Amino acid sequence: TTVTVSATASHAIPSTLWGMMFEDISHSGDGGLYAELIQNRAFQQVAPDTAAALDPWVPLGDSQISVVADSVPLSSALPNSLALTVPAASATEIGFANPGYFGIGLVKGTAYSASLNYRVAAGAISKQASLTISLLDQNNKTLAAFTTPLRASGKWTEVTASLVPSHTPPSNNNSFAVTVTNARGAESQVNFALLSLFPPTFKGRANGMRPDIAETLAANKPAFWRFPGGNNLEGQTVATRWQWNNTVGPLKDRPGRVGDWGYVNTDGLGLLEYLHWCEDLDMEPYMAVWDGYTLGGTNITGAALDPYIAQAIDQINFVIGDPATSAPAALRASLGHPEPFTLHYVEIGNEDFFDDETVANRWNTIVTNLSATFPQLTFMATSLSSGPVLTPTPKVYDVHVYSSPTYFATNSFLYDSVERNGTHYFEGEYAAISTNDSNLFGTPAEGRLLFPTVASAVGEAAFMTGFERNADIVFSASYAPLLGSVNDSQWTPNLVGFDASNVYKSTSYYVQNLFANNKGDEYLPSTLPSNSSTATLLWSVTRSTANKEVIIKISNNAATTEEMKFVLPFKDVSSTGSATVLTGPATASNTPDAPDAIVPVTSRIKTGTTFEYTAPAVSFSVLVVSAH
Ligand SMILES: [NH3+][C@H]1C[C@H](O)[C@@H](O)[C@@H]1CO
């Protein structure tokens, strides 16, 4: 295959092209990126006096613990507490422990910030009573501990402690323990609320992100961050939709919500944390507002939308409003960020193509209002660009596609034939998820991928060359889902996996990393690849004008190598260039047992105004050559 490259760029590669889609799914937030290590830290959204309400808290020995609706709750947002019965004059320590989110990763010498709130009825326990917070390894050996007198003041008392493990435990099977010693006196009870343990966070942000996951994501230089969903925006019911105002301010004022992926969301990772995160990674937020449609099928239209539009206006004003004229903006200022955040795009709902009966009404009602209030913003539609017709005409559609590696390899021309009528496209969710085209969302036994494979990543790379070729109308794209716990996921495959102390970079992660780190800023047309349903060899050529480099990306989906010849239109081309190649057995994956099975390998290759390159079987290659 000979590829002749043009010297005249056809269009820019927008700086926004590669970014990340996030929602709390598979513990990507609570138990993942959000650094809180204690699972069910505040007994949010649980039924008191049930065993389930305690999960995963466990009693130490034969201690008696239960979740109660506290008669004197810590706050109105957190009505439940853990009640510990303290027997009279208990010589032994009594208490309870938390195993974290499928473990707690602890490292010797690292300072973990522990905090909890307790309340003992006035005078209800001896003055010698004491409270100990400790970190225990899998054998209940103490790694770190902090002891303080227990004060029976009748009022909620906060205890904070910095716990530094004396050594690194042999596994993640560690726990956070709270014990009470009651030297003497009658039986009593201690209530506990909002118990928390944080490691040092990314950039030291309070209530921040887990550094190893954060750094893994930052390495892909994401230009945008879509949040809070995805399904997890919508709610099964109107009452359980994501609501920005429940996710800001002190943690004790955040009630949490029943998320849409089968677990309670603490909302400790809330709107302000998302916005700080966007600033820390120099990303722009693609923020969604709820648009009157729930996963349970409820939809709200017309004037009944008014309170939700008002809530959306407040949400947007929290991000960009003027503190002098907007209460949500003043709240933002009071939380330490008087200046507005960057915001250009607001997404209207999620996957509204599931409700094409009412989407036109809901879009019209909402966007007519929001665009009048915020004329500077661009609103993204989530229904199909093929219909129903929306008014005002959407400037942007968010397109989602989940399919097979073969689909992605053979559909990279999806946007070539799209009419250039001023509409722009955000490929907000795409991933090769199964090898079974007739049952994509089935089980692993039916072809569903547990982890991305070499074939799925190379197929996605083919599809992504199409985004570069059509970057005049495709301005952003993001793989989904971004993150998933390898111990508890509701969706596979995920771009990045993790457990309590490891992060697992998939083959697809490396493809995203290679595209984002070798973007170029303009597209150079070249001999077009075959656009057939059996195409296996796809490529794109971009140029970095600053670095005076030509960047050639090649996706070879065939089981055989491909001999290629490149003809460059530059008079001064380096005689050597770099080739970074991701390849391996088509069905191979990076897994917790083999986390680095498939990693990119960079080598030097012979280059020149014309040069040959052999694309390995099932491979994604990025060739970079100095040329001008
Ligand atoms: N069903 C997918 C589409 C939806 O938007 C996401 O929440 C889901 C997983 O990425």
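The structure under discussion appears in the preceding block.
Colleague: Teacher, can you tell me more about the site of the ligand here?
Modeller: Surveying the vicinity of the ligand reveals the residues Glu23, Gly230, Asn231, Trp261, Asn350, Glu351, His400, Tyr402, Glu429, Pro481 and Trp491. Here Glu23 contributes a side-chain N or O atom positioned 2.5 Å from an oxygen atom of the ligand. Asn231 places a polar main-chain atom, nitrogen or oxygen, 2.8 Å from an oxygen atom of the ligand. Protein coverage of the free-state accessible area of the ligand, which is 290 Å², stands at 93%. Broken down by class, the residue content of the shell around the ligand amounts to 4 nonpolar, 4 polar and 3 charged.

Colleague: Where do I start with the sheet that holds strand S11 (residues 157-163) in this structure?
Modeller: Two orientations exist for strands paired in a sheet by backbone hydrogen bonds: parallel and antiparallel. Taken in spatial order, the 5 strands line up as S5-S6-S13-S8-S11 in an open sheet, and their pairing is antiparallel. The two strands at the open ends of the sheet, each matched to only one other strand, are strand S5 (64-69) and S11. Taking the axes of each pair of neighbouring strands and ignoring which way they run, one obtains an average angle of 35° across the sheet. Strand direction decides the pairing type here: strand S8 (residues 112-120) and strand S13 (residues 188-198), joined by 7 bridges, are antiparallel. What sits directly across from Ser115, in S13, is Ser196.

Colleague: Looking at this model, I keep getting lost on the sheet that holds strand S1 (residues 2-4). Mind explaining?
Modeller: Strand order in the open sheet formed by 3 strands is S1-S29-S32, and the pairing between neighbours is mixed. Each having just a single partner strand, S1 and strand S32 (610-615) make up the two edges of the open sheet. Pairs of neighbouring strands in the sheet enclose a mean axial angle of 25°, with direction left out of account.

Colleague: Hey, could you run me through the pattern of salt bridges in this one?
Modeller: For side chains bearing opposite charge, pairing can occur when the charged atoms are close. Counting across every chain of the model gives 17 salt bridges. The partner of Arg205 in a salt bridge is Asp280, and the shortest N-O contact between them spans 2.8 Å. Of this pair, Arg205 sits in the loop between S13 and helix H2 (211-218) while Asp280 sits in helix H4 (residues 271-280), and the two are 75 residues apart along the sequence. Judged by its relative accessible area of 27%, Arg205 falls in the partly exposed class. Residue Arg254 pairs with Glu273 through a salt bridge whose shortest N-O separation is 3.0 Å.

Each value, and the rule that gives it
Residues numbered from 1 in each chain as written. Predicted model: local features only at pLDDT ≥ 70, side-chain atom pairs only at ≥ 80, totals over all residues. Heavy atoms only, no water. Near = heavy atom within 4 Å. Polar contact = N/O pair within 3.5 Å; in protein donor to acceptor, adjacent residues only side chain to side chain. Areas by Shrake-Rupley, 256 points an atom, 1.4 Å probe, with all protein chains shown as cover. Nonpolar A, V, L, I, M, F, W, Y, C, P; charged D, E, K, R; others polar. Pairing = 2+ DSSP bridges. Helix = DSSP H or I, 4+ residues; strand = E, 2+ residues; numbered from the N terminus. Axes fitted to C-alpha atoms, helices over the stretch in contact; angles between N-to-C directions. Salt bridge = Lys/Arg side-chain N within 4 Å of Asp/Glu carboxyl O. Buried < 20%, exposed > 50% of the residue type's maximum accessible area, 1.4 Å probe, protein only.

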